[in-house]
Amino acid sequence: MAIIVNLDVMLAKRKMKSKELAKIIGITTANLSILKSGKAKAIRFSTLESICKALDCQPADILEYID
Amino acid sequence: MKRIIAICAQAFFYVFSICFIFVFLFSILAFVEKNTGFDMPFVTILEANANFNAQVTIPFVNAVFSFNFSYTILFMWLWLLFYSIYFYTLKEFFKIFTSSDLFTDESLRKLTLFFRLNLIPLVINLLVALYISFTQKDESSEEEIIMIVIHCFIGIIVYLYVDVFKKGIQLQEENNLTI
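Model, not experiment: these values are computed from the prediction.

Overview of the overall build of chain B
Next up, step 1: Within chain B one finds 4 helices and 3 strands.
Next up, step 2: The buried share of chain B, taken over its 179 residues, is 34%.
Next up, step 3: Taking as baseline every contact in chain B between residues at least 6 positions apart, the subset at least 24 positions apart corresponds to 55%.

Topic: the confidence of the model for chain A
Next up, step 1: Chain-level pLDDT for chain A is 92 on average; 99% of the residues reach the 70-or-more range.
Next up, step 2: Across chain A, the element-wise mean pLDDT spans from 90 in strand E1 (residues 3–5) of chain A up to 94 in helix H4 (residues 45–55) of chain A.

A few points about the layout of surface pockets
Residues and elements named next belong to chain B.
Next up, step 1: Roughly 490 Å³ of internal volume is contained in the largest pocket.
Next up, step 2: Lining the largest pocket are 14 residues, and of these Phe75, Trp79, Tyr83, Ile124 and Asn125 lie nearest its centre.
Next up, step 3: Looking at the lining of the largest pocket, the elements that each hand over two or more residues are helix H2 (72–96), helix H3 (105–135) and helix H4 (142–176).
Next up, step 4: Among the elements that take part in the lining of the largest pocket, H2 stands out by supplying 6 residues, more than any other.
Next up, step 5: Each residue belonging to the lining of the largest pocket can be placed in one class, and the counts come to 11 nonpolar, 1 polar and 2 charged.
Next up, step 6: When residues of the lining of the largest pocket are sorted by domain, at least three fall in each of domain 1 (1–88) and domain 2 (99–179).

Examining the environment of Val23 of chain B
Residues and elements named next belong to chain B.
Next up, step 1: In this fold, Val23 is placed in helix H1 (residues 2–36).
Next up, step 2: Of the residues examined, Val23 reaches a relative accessible area of 7% and is grouped as buried.
Next up, step 3: Residues Val23 and Tyr131, spaced 108 residues apart in sequence, show a C-alpha to C-alpha distance of 28 Å.

Focus on the environment of Leu119 of chain B
All names here are of chain B.
Next up, step 1: In this fold, Leu119 is placed in helix H3.
Next up, step 2: Given a relative accessible area of 35%, Leu119 falls into the partly exposed group.
Next up, step 3: For the pair Leu119 and Gly155, spaced 36 residues apart in sequence, the C-alpha separation works out to 7.1 Å.

Describing the packing of aromatic side chains
Residues and elements named next belong to chain B.
Next up, step 1: Enumeration according to the criterion identifies 23 aromatic pairs over all chains in this entry.
Next up, step 2: Centre to centre, the rings of Tyr86 and Phe87 are 5.6 Å apart; their planes meet at 90 degrees, and the pair counts as edge-to-face.
Next up, step 3: For Tyr86, a relative accessible area of 4% corresponds to the buried category.
Next up, step 4: Phe87 sits in the buried class, given a relative accessible area of 13%.

Quick word on unusual backbone geometry
All names here are of chain A.
Next up, step 1: In this model, Lys15 sits at a positive phi of 50 degrees, which is unusual for a non-glycine residue.
Next up, step 2: Along the polypeptide, Lys15 turns up in the loop between helix H1 (7–13) and helix H2 (18–25).
Next up, step 3: Note on Lys15: relative accessible area 76%, which makes it exposed.
Next up, step 4: Positive phi, close to 50 degrees, is recorded for Asp56, a residue that is not glycine.
Next up, step 5: Considering the arrangement of structural elements, one finds Asp56 in the loop between H4 and helix H5 (59–62).

Cut-off values and rules
Residues numbered from 1 in each chain as written. Chains lettered and ligands numbered in written order. Predicted model: local features only at pLDDT ≥ 70, side-chain atom pairs only at ≥ 80, totals over all residues. Heavy atoms only, no water. Helix = DSSP H or I, 4+ residues; strand = E, 2+ residues; numbered from the N terminus. Buried < 20%, exposed > 50% of the residue type's maximum accessible area, 1.4 Å probe, protein only. Contact = heavy atoms within 4.5 Å. pLDDT = per-residue confidence, 0-100. 1 Å grid on protein atoms, 1.4 Å probe; cavity = no way out; pocket = protein on both sides within 12 Å on 5 of 7 lines; lining within 4 Å. Points joined across faces, edges and corners; volume = space filled by probe spheres on them. Nonpolar A, V, L, I, M, F, W, Y, C, P; charged D, E, K, R; others polar. Domains from an automatic or database assignment. Phe/Tyr/Trp six-rings, centres within 6.5 Å; stacked < 30°, edge-to-face > 60°.

What follows is the structure, encoded as structure tokens:
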């Protein structure tokens with residue numbers, strides 16, 4: 001897929017575990033894993049907002065477009 | 001309402017299955033009695049000729065059925081067996097609509113099987129109707145035409161369901177992968 005989700009990088013920077021982030025944003029660890037692995041087909045704005053709030057970052061820090 | 005329809009389909013399945021087991025079992029007993037001479041329970045051979053007649057007595061209810069056995073019994077077995085399987089898949093088809101997860105691969109498989117089962121009597125009745133119309137001018141093929149129309153109609157409806165379910169599964173998968 002052309003859109004890469006750099007969640008691992010932000011989690012490492014914020015020293016947060018995936019389980020913790022999943023609990024904060026209110027999704028299952030399985031869904032977070034789907035997002036991290038690039039298998040997700042779409043992301044809701046509400047989820048993106050929750051992630052950015054939890055990790056104190058911008059959407060561009062998490063989402064990257066590769067040609 | 002959906003559950004009632006599923007129960008009706010299940011009832012038809014049990015009726016056809018019981019009829020099949022009854023006819024199959026007693027025709028085998030009659031065949032064995034005629035050929036081996038052993039006295040089989042509930043069965044009495046009435047005439048010993050090429051197309052022998054057998055009488056079956058059901059205990060407790062004191063019902064008596066007479067069968068005229070010939071090789072056409074094989075067609076009766078196949079017909080009863082086919083419609084037992086047909087009503088079983090029909091029951092499974094209706095059960096899909098009572099389950100919580102509608103758009104699954106399992107549901108699509110059951111729908112596709114039911115669609116294919118509708119094609120079998122359609123083709124057979126079409127061949128029989130054509131045979132009757134070309135070879136037996138005095139005979140009418142009304143029954144076959146009615147079966148063709150019924151199975152054609154059901155087949156078309158189920159085909160449309162299969163198409164809708166394929167799109168539904170795609171949408172379901174997309175929805176499941178939307179975080």
